[in-house]
Amino acid sequence: MKGVRRQYLDILGDRARAGDVGSLIQHGLRWVGTALGPRAGRPLTGPALGTLVVTYRCDLRCQVCDLPARAAARRRAGHRELDTDGLMAILRDMKAIGTAGVGFTGGEPMLRSDLPELLREAHRLGLHGHLNTDGFQVAERAEALMATGVRSINLSLDGPDAATHDAARRKAGSFETVLGALRALRAARGRRSEPRITAVTVLTARNVHRAAEVVRVAREAGADRVGVIPVHDFGQGEDVPDPAAVRLALDELAQLHARGWVDNSTGYLDLLPRAFRGEPSPLFCYAPYASVVVDCYGDVFPCFPLMERNKPVGQIPLVALWRSARYAEARESLAACTACLWNCHTEMNLALPQGRLAPRSSTLEVAS
């Protein structure tokens, strides 16, 4: 294992500095339970990573995402997003199955007026609350976000200037929006260490050569660190980046990582070239045991890429589904999946034992 994702180290470091020995023991037991789950053929602990997709609606129309179109299609079909009580029930179910933390995402989650209430409920339940946003209304509501108990916030930044970022996000002014959000969050946080503020860049053929510039711009605006993820082609027809540009970008990111400015582990950075070449992951994936994703219509997914593909394993209530025969069949069907190098799952895989759990295929399907 080459390094650990810094967001994971933040959690452990915060608990250690607080003298919370019980929490550190719980994290250790969770690691053991997750590592042994595939061998036992069933989850021995709750998922470390819960994701709540509070809406597929978005203020942007990014090149790499079709979730707003999904929201429109669901509306046309007469479907309605779960109300506040419905999403609160999902959070309680996440707590009941032993989830450690929940990431609130979309679409753009800030479009939900009840988002602060949901973040406060996650905090009340003892879940590590995390927010993913493109910066929409964050500057205007930064102080309110600080009051929710959210522990970390990721903001999307796909270029070091307006021309690059706005083209990727297909909205003029979106670059200034995210920089304004970074500045406002840093000012509202003051001298506190939380929430951690991270800018996240989706690396494509259009921006990979400017990755180091993105890190510097984000840092200047107030980000603690920057994380990167290679674009995954979910049908949008992505161009393959120039290999020389990828090598140069990774060399520069490695230097910035040494300064503490990059969130990703060095092991993850080493995997990026194969991701851009379209090669399968070399890792056994623990996602069906270590994560759960629930969307705003009550659909449940074993991992984030299957949410992108709209391939649910079932529907809420989550407590009944998590240990059901249907979910067990999905875990078995995904046991050899090597189809993605998505950062949230791959970083977890890198932190868990690999050894004899060698992957055998590149499928991205669930049992029907």
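Cut-offs applied
Residues numbered from 1 in each chain as written. Predicted model: local features only at pLDDT ≥ 70, side-chain atom pairs only at ≥ 80, totals over all residues. Heavy atoms only, no water. Patch = residues over 30% accessible without salt bridge, like charges linked within 9 Å, V, L, I, M, F, W, Y side chains within 5 Å. Areas by Shrake-Rupley, 256 points an atom, 1.4 Å probe, with all protein chains shown as cover. Salt bridge = Lys/Arg side-chain N within 4 Å of Asp/Glu carboxyl O. Helix = DSSP H or I, 4+ residues; strand = E, 2+ residues; numbered from the N terminus. Pairing = 2+ DSSP bridges. Contact = heavy atoms within 4.5 Å. Axes fitted to C-alpha atoms, helices over the stretch in contact; angles between N-to-C directions. Buried < 20%, exposed > 50% of the residue type's maximum accessible area, 1.4 Å probe, protein only.

**A short note on a nonpolar patch on the surface**
Piece 1. Where nonpolar side chains cluster on the molecular surface, the patch consists of Trp31, Val32, Leu36 and Leu44 and spans about 340 Å² of accessible area.
Piece 2. Looking at where Trp31 falls in the secondary structure, it is placed in helix α2 (residues 21–40).

**Some thoughts on the sheet that holds strand β6 (residues 225–230)**
Piece 1. Read across the sheet, nine strands follow the order β6-β5-β4-β3-β2-β1-β7-β8-β9 without closing on themselves; strand pairing throughout is mixed. Of all the strands in the sheet, the pair left with one neighbour each is β6 and β9 (314–315).
Piece 2. Sheet analysis places strand β1 (residues 49–53) next to strand β2 (residues 101–105), joined by five bridges and oriented parallel. Bridging from a neighbouring strand, Thr51 pairs with Gly103 of β2.
Piece 3. Of the strands in this sheet, β5 (196–203) and β6 are in contact with helix α11 (residues 266–276), which crosses β6 at around 30 degrees.

**Examining the pattern of salt bridges**
Piece 1. In total, this model carries 22 salt bridges according to the counting rule given.
Piece 2. As a salt-bridge pair, Arg74 and Asp299 come within 3.5 Å of each other at their nearest N and O atoms. A residue pair is termed long-range when its members are at least 10 positions apart, and Arg74 in helix α3 (residues 67–76) and Asp299 in strand β8 (residues 299–301) qualify at 225 residues.
Piece 3. With relative accessibility at 9%, the residue Asp299 sits in the buried group.

These figures come from the coordinates and say nothing about function on their own.
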